[in-house]
Amino acid sequence: MAPPPAGNADSDPDPGAQHIRRLTDRDVTWLALPSERHEQVRRATSASDLVNSMLDSLDPWPPELLARLLHPGGAVAAALAMAPPGARALDLGTGWPSLAAALVSCGLDVTIADPVLLRLRFERLMSAAPVTDAVHLALTSQLPWPDDSFDRVFVDTAEVHRARGDLRFVIGEVARVLAPEGVAVVAQDAGGPSSRGRLLRLLREVGLPHATVLVARPGRADWSRVLDESRWGQHLTSEASQASAPSVRGKRLLKAAIAAAGGVRWLPADRFVVAYGPEAAPCDPLAEILAEPAGSRELIRLSDARVAVLGQESFVKLPLSRHQQDALIQEAQNTRRARSTGFAPHVIRSVHVHDWHGLPYVRYPLIRERHARPGEAEQTIAQILRGLAPGRDAPLGATAFWERLTGARGARDADEAGARALRARVLDTMADVSVPAGPTHGDLHADNLLLVDGGAAILVDWNRFEPFNPLVLDAGYAAIEHDRRSHGGSLAQALVRFRDRELTGPLAELASSTMGDLDSAQAATLILLDRVVSYSQPRRRYKPWTMPAMARAVAALAD
C-alpha cells in the first residue's frame, strides 16, 4: 500500500501520542467519554498509566464505562468481513477500540484513521496491536490514500455525522479506496439521520450494489446478538416468548408480526451493512466456516475476545485476539479430557479444531437447548455433581488450584486484585489441609448449562477444567452464582453469605459436604482466589471493568 502524502503530516509533539500522524488541525470532541476523563487520557503515557487512572484514582471510572470502551466483543465487525492474512484493512473512525486488535490478530495489515484525536490516542495507548499506521484526519477532506488501497474498510454512519462529515462524500471515499474485490462494513444507527434505505441507495450509487444487512440486538455498542435481517422476525418472536412483563411481550409480538408481514426493513434497529462491488465475490466467510448457506448464521457475544457463530447445524467459537486463539484450542482439548471423567454424560461428544487461512476456530454440533429457570438450573447442576465420584482426600498443596496459586501468575493476579494478604494466608497455613479432590469444571453456573429436550443436561465452556482440584470449588461457586442470580446481589455479598453459612439449597449442601477439613471461611477464600487467579490475560490490563467487583469481594473476606 502506498503511504499517505507526507507534505502535511506532522508527528504529534506529545511523546505519549503513540506515533499518531496529524493530517489536520481540526479535532472532534469524543462524546462517548465524559469530559472529566479527557485530561487523564491526555496525561497518560502508557497503558499502565491509564489503567491506574481508571482504577486507582480518588474518582475511578465506572465499570460500565470501562466495559463499553474496552470490551473485546465490540470487534464483531471483524467477524462480519474476515479476510486472509496480509489483507489491508482501514478502520475509518468507527470508535470501536477493539476492532483493530481483532483485525491484527487475524493477520491483517491495519490502518486506523480517526477525526477524534483523543479517541485515537486512547486506542493506541490501550491496544497492544501493532497497526501499520494511526492517522488523525478530517472526514470533510479526501482520504489520503490512493484508489484501491484497502481490502476491508469499516465505517460508522453515526460517527460520520458526529464529525460533521457528509455521508455521501465519505461513502464515496470509502468506495474509492476500496479494492475492486474489497468489502466495506458500514454501521447504521437506528436513531441517526441516515435511514437503512438511504444508506443502501448511497452504496449503490458509489459502486457497491451488493449488500447483506444484519441487525445488532439490542444495539451495535452493547450487542449480545447479530443476525441476518431476514431472521429478525423469528428472533423477536423468541424474545417475546421469554418476556415476563405482558407489555414487553406485546410490543415484541407486534414487532414480530410487522417483520413477518415484510416490514422488517422499517423497524428501527442498529444495523451492519456488508457491502461489495460487482467485481467482488459474495463475502460470507462465516458461511464457509459453518459449511452452511448464507443467511443462516447468528453471532453471539461471549465474555472474552471471541464470538460464537450459530448456524443451522453447527456452533462455532471464533477468536478475536491472539491469546484467544490459544485459549480456544486449549478449551477443545479440555473438553475432550472432561469426556474421560465422570462428567462424560454431560460433555458435548464432538469438538473439532479447524482453521480458516491459518485462523483457528472450534466447531461443535449445535444443541437445541431450552431456557432453564434458576431453580431448575440449581437442581440440575447439583444432580450432575452428585453423579460424580466422591473424590479422593488429598492435601490442598497437591491440587491444580495450589499449583496455579503458587505460580507467578497467581502472585500477579492476587496483587492486582488486592488479595496479596489472602493469598499469603492460604500459602502459609493451608498446604496440608485435607480436601476431597477430583475433576472440576471450573465455571459452573446456569449460563454454562444446556437443557436438551428429553432430559439431557450438557455443560459447556471447559476452558477452566482441571482433572484434580478441590471439589468445593465447583459446588461452592455454583451455589454462590445461584444466590447472586436469585437475589440480585454482588459477588462480595454472596461470598459473605456462603462464609456465614446462610446459603441454603442442594448446591450449598454439596459445598458443605465437599469442604473436607476446611471451615466455611477458608472455603470462601479458596473460591474467591480461584476466581482471582485468571486463566487468561491479566484482568487489570485487559478487563479492568471486572476489577472493582473483585476488589470489593476481597475486601469483604478480609474483614
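None of these values were measured; they are calculated from a predicted model. (Residues numbered from 1 in each chain as written. Predicted model: local features only at pLDDT ≥ 70, side-chain atom pairs only at ≥ 80, totals over all residues. Heavy atoms only, no water.)

## Quick notes on unusual backbone geometry
Here comes step 1: With an omega of -5°, the peptide bond running from Arg217 to Pro218 counts as cis.
Here comes step 2: Turning to its location among the elements, Pro218 is positioned in the loop between strand E8 (210-217) and strand E9 (225-228).
Here comes step 3: Of note in the backbone geometry, His357 takes a positive phi value of approximately 50° without being a glycine.
Here comes step 4: As for its placement among the helices and strands, His357 is situated in the loop between strand E14 (352-356) and strand E15 (359-365).
Here comes step 5: The exposure class assigned to His357 is partly exposed, which follows from its relative accessible area of 46%. (Helix = DSSP H or I, 4+ residues; strand = E, 2+ residues; numbered from the N terminus. Buried < 20%, exposed > 50% of the residue type's maximum accessible area, 1.4 Å probe, protein only.)

## As for the sheet that holds strand E16 (residues 369-370)
Here comes step 1: Ordered in space as E16-E19-E20, the 3 strands form an open sheet in which the pairing is antiparallel. Looking at which strands have only one partner, the edges of the open sheet turn out to be E16 and strand E20 (457-459).
Here comes step 2: Here strand E19 (residues 449-452) pairs with E20 via 3 bridges, running antiparallel. Each residue of the ladder has a partner; that of Leu451, found in E20, is Ala457.
Here comes step 3: In the packing of helix H14 (residues 374-386) onto the sheet, the strands contacted are E16, E19 and E20, and the crossing angle to E19 comes to about 95°. (Pairing = 2+ DSSP bridges. Contact = heavy atoms within 4.5 Å. Axes fitted to C-alpha atoms, helices over the stretch in contact; angles between N-to-C directions.)

## Thoughts on the environment of Arg420
Here comes step 1: Secondary-structure assignment places Arg420 in helix H17 (residues 420-429).
Here comes step 2: Each C-alpha atom of the pair Arg420 and Gly410 lies 9.6 Å from the other, and the pair is 10 residues apart in sequence.
Here comes step 3: Filtering out sequence-adjacent residues up to four positions away, Arg420 remains in contact with Ala414 and Asp415.

## Description of the confidence of the model for the chain
Here comes step 1: Of all residues in the chain, 89% have pLDDT values of 70 or greater, and the mean over the chain is 88.
Here comes step 2: Counting contacts from residues 1-17, a segment whose pLDDT is below 50, to residues more than four positions away or on other chains yields 33 contacts. (pLDDT = per-residue confidence, 0-100.)

## Considerations on the nonpolar core
Here comes step 1: Counting 115 residues, the largest nonpolar core has Met54, Trp61, Leu92, Phe122 and Leu528 as the members making the most contacts within it.
Here comes step 2: Grouped together as the second largest cluster of nonpolar side chains are 52 residues, Leu99, Ala129, Val316 and Leu320 included. (Core = buried A, V, L, I, M, F, W, Y, C linked by side-chain atoms within 4.5 Å.)

## Let's talk about the side chain of Thr380
Here comes step 1: You can see Thr380 is positioned in helix H14.
Here comes step 2: For Thr380, a relative accessible area of 13% gives the class buried.
Here comes step 3: Polar contacts involving the side chain of Thr380 include one to the main-chain carbonyl oxygen of Glu376, which spans 2.8 Å.
Here comes step 4: Sequence-distant contacts of Thr380, defined by excluding residues within four places in its chain, comprise Leu449, Leu451 and Ala457. (Polar contact = N/O pair within 3.5 Å; in protein donor to acceptor, adjacent residues only side chain to side chain.)

## What about H17?
Here comes step 1: Among the residues of H17, those classed as buried are Leu422, Arg423 and Val426. Relative to the axis of H17, the buried residues are bounded by an arc of 100° and lie together on one face. Of the residues in H17, the exposed ones pointing more than 90 degrees away from the buried face are Arg420, Ala421, Asp428 and Thr429.
Here comes step 2: As for H17, its buried residues are in contact with helix H15 (400-406), helix H16 (408-416), helix H21 (520-532) and helix H23 (547-558). (Arc of directions from axis to C-beta.)

## Let's talk about helix H9 (residues 196-205)
Along an α-helix, a turn takes 3.6 residues, which lines up residues three or four apart on a common side.
Here comes step 1: Along H9, the residues classified as buried are Arg196, Leu199, Leu200, Leu202 and Leu203. The buried residues of H9 occupy an angular sector of 160° when projected down its axis, which confines them to one face.
Here comes step 2: Following H9 by one or two positions, Gly207 adopts a phi angle in the positive range, close to 100°.

## Regarding the packing of H21 against H23
To characterise two packed helices, one gives the angle between the axes of the helices and the distance between these axes.
Here comes step 1: Look at H21 against H23: their axes get within 11 Å of each other, and the N-to-C directions meet at 155°. The angle between H21 and H23 falls in the class roughly antiparallel. The chirality of how H21 crosses H23 is left-handed. Along its contact with H21, which presents Ala524, Thr525, Leu528, Arg531 and Val532, the element H23 presents Met550, Ala553, Val554 and Leu557.
Here comes step 2: Taken together, the residues of the contact of H21 with H23 break down into 7 nonpolar, 1 polar and 1 charged. (Parallel < 35°, antiparallel > 145°, perpendicular 65-115°, else oblique. Left-handed = near helix turned anticlockwise from the far one by under 90°. Nonpolar A, V, L, I, M, F, W, Y, C, P; charged D, E, K, R; others polar.)

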